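# Tertiary structure, described
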Amino acid sequence: MLERINRAYKQIARANQVLGRRINVMEVCGTHTASIFRAGLRDALPDCLKLLSGPGCPLCVTEQGYIDAVLSLAERNDIIIAVCNDMIRIPGKSGSLEQKIEKGNVKTISAANDVLNIAKQMPDKKVFFAAIGFENAAIETAALANETMNWGIKNLFIFSSHKLLAPAMEKLLTEKNPNIDAFICPGHISVITGSDAYKPIIEKFKKPCVISGFEPMQIIVAISEICRQLADGESDIVSFYDSVVTPQGDEIAQKTINENFDIVDGCWQGLGKIARSTLKLKEKFSSLDAEKQLGIQITARQDITGCRGNEVLCGLIDPVECSLFANPCTPDTPLGPCMADSHGACAACYKYNNRKRQNY
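As the structure is a computational prediction, the values presented were derived from the model and not from experiment.

### Considerations on the sheet that holds strand β8 (residues 182–186)
- Strand order in this open sheet of five strands is β2-β1-β8-β9-β10, and the pairing throughout is parallel. In this open sheet, the two edge strands, each paired with only one partner strand, are β2 (49–53) and β10 (237–239). Between one strand and the next, the sheet's axes are offset by a mean angle of 20°, whatever the strand orientation.

Here it is in structure tokens:
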């Protein structure tokens, strides 16, 4: 372990000397973000290397209009809203689902298949599922949609806003933060997409992409490899999950996504509209489509609270640079999704970065 840490420090120093400036490395997974803050890696690594938290938290990048659309259903007595646990605290223009949970029509779930059980148990209600997440979550939603059709369930409706990670990385480099030098990429999503999903980042932008696990030492090894590439003038895709991450990825999982979703343009919180970045259910599932069957409309909305979460999502500022951080914005009273979701950068910073708490 000590040998790996020393090697990483040497590679960081070498890259810094070659580039003659600070190195900016972005992780694009909320689990990486939480692990980095939990382990104190931001403080432990040399000042010449900056870790940036990107748009890797699916709730954090879900546009405000989608959240408002879900909240608009909370007053309806004929609807049960099924959402992942952290989503109940995401603020919209009319509060949050957590504030409406006493009404009894909001259910938190741990897996997409839980929604099917709710629909079976409550046939007199319309059960609404807020389907968010990246490729790995989309597979669960596809299975739910097919099971719903196979069982002949008529009271379950899906509101899909699944996202594809690679287009967001391109948008970051093209418009939002071209100063990113390299990416730490998530192992679990890369198992599905394959390492070739990051080829455009290499070919268009010459930015190293290293696929890593979520343990602190795995992240340190990924940083070491990134700095080696930067020092040697290279830009490659490297996976430390060679046994499970192939260039082509999980072709069965990809087939499942392609057979059940259309890839469409979509809006991301903090990043705006991104071409071919969002998954919508195919027409064969129109009877389950909440937008069509429940008359939901997504209306674009600008945040007016003063929250700078959009800049955090793009790696432009650290959470503590937002004037609302820790007072009044906390995990108990979140003003933005990055503080409401436990995998958001603001929530992770608040929870684990105790060494600087006295300065907040």
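### A closer look at the sheet that holds strand β7 (residues 162–163)
- Ordered by their spatial adjacency, three strands build an open sheet running β7-β12-β11, and the pairing between neighbours is antiparallel. Two strands close off the open sheet at either side, each with one partner strand: β7 and β11 (261–268).
- Alignment of β7 against strand β12 (residues 272–281), held across two bridges, turns out to be antiparallel. Across the sheet, the residue bridging to K163 is T278, located in β12.

### Quick look at unusual backbone geometry
- Going from N327 to P328, the amide bond is cis rather than trans, its omega being 15°.
- Looking at the secondary structure, you find P328 in the loop between α13 (309–313) and α14 (337–340).
- Backbone geometry places K206, a non-glycine residue, at a positive phi of 60°.
- By the element assignment, K206 lies in the loop between α9 (199–205) and β9 (209–212).

### Here we look at the nonpolar core
- With 66 residues, the main nonpolar core has V70, I81, M87, L97, F128, M169 and F183 as its most contacted residues.
- In this structure, M87 is in contact with L59, Y66, I67, V70, L97, A130 and I132, ignoring residues within four places of it in sequence.
- In terms of nonpolar packing, the next biggest core, distinct from the first, is built from 27 residues, A82, I118, V127 and I158 among them.

Definitions and cut-offs
Residues numbered from 1 in each chain as written. Predicted model: local features only at pLDDT ≥ 70, side-chain atom pairs only at ≥ 80, totals over all residues. Heavy atoms only, no water. Pairing = 2+ DSSP bridges. Helix = DSSP H or I, 4+ residues; strand = E, 2+ residues; numbered from the N terminus. Axes fitted to C-alpha atoms, helices over the stretch in contact; angles between N-to-C directions. Core = buried A, V, L, I, M, F, W, Y, C linked by side-chain atoms within 4.5 Å. Buried < 20%, exposed > 50% of the residue type's maximum accessible area, 1.4 Å probe, protein only. Contact = heavy atoms within 4.5 Å.

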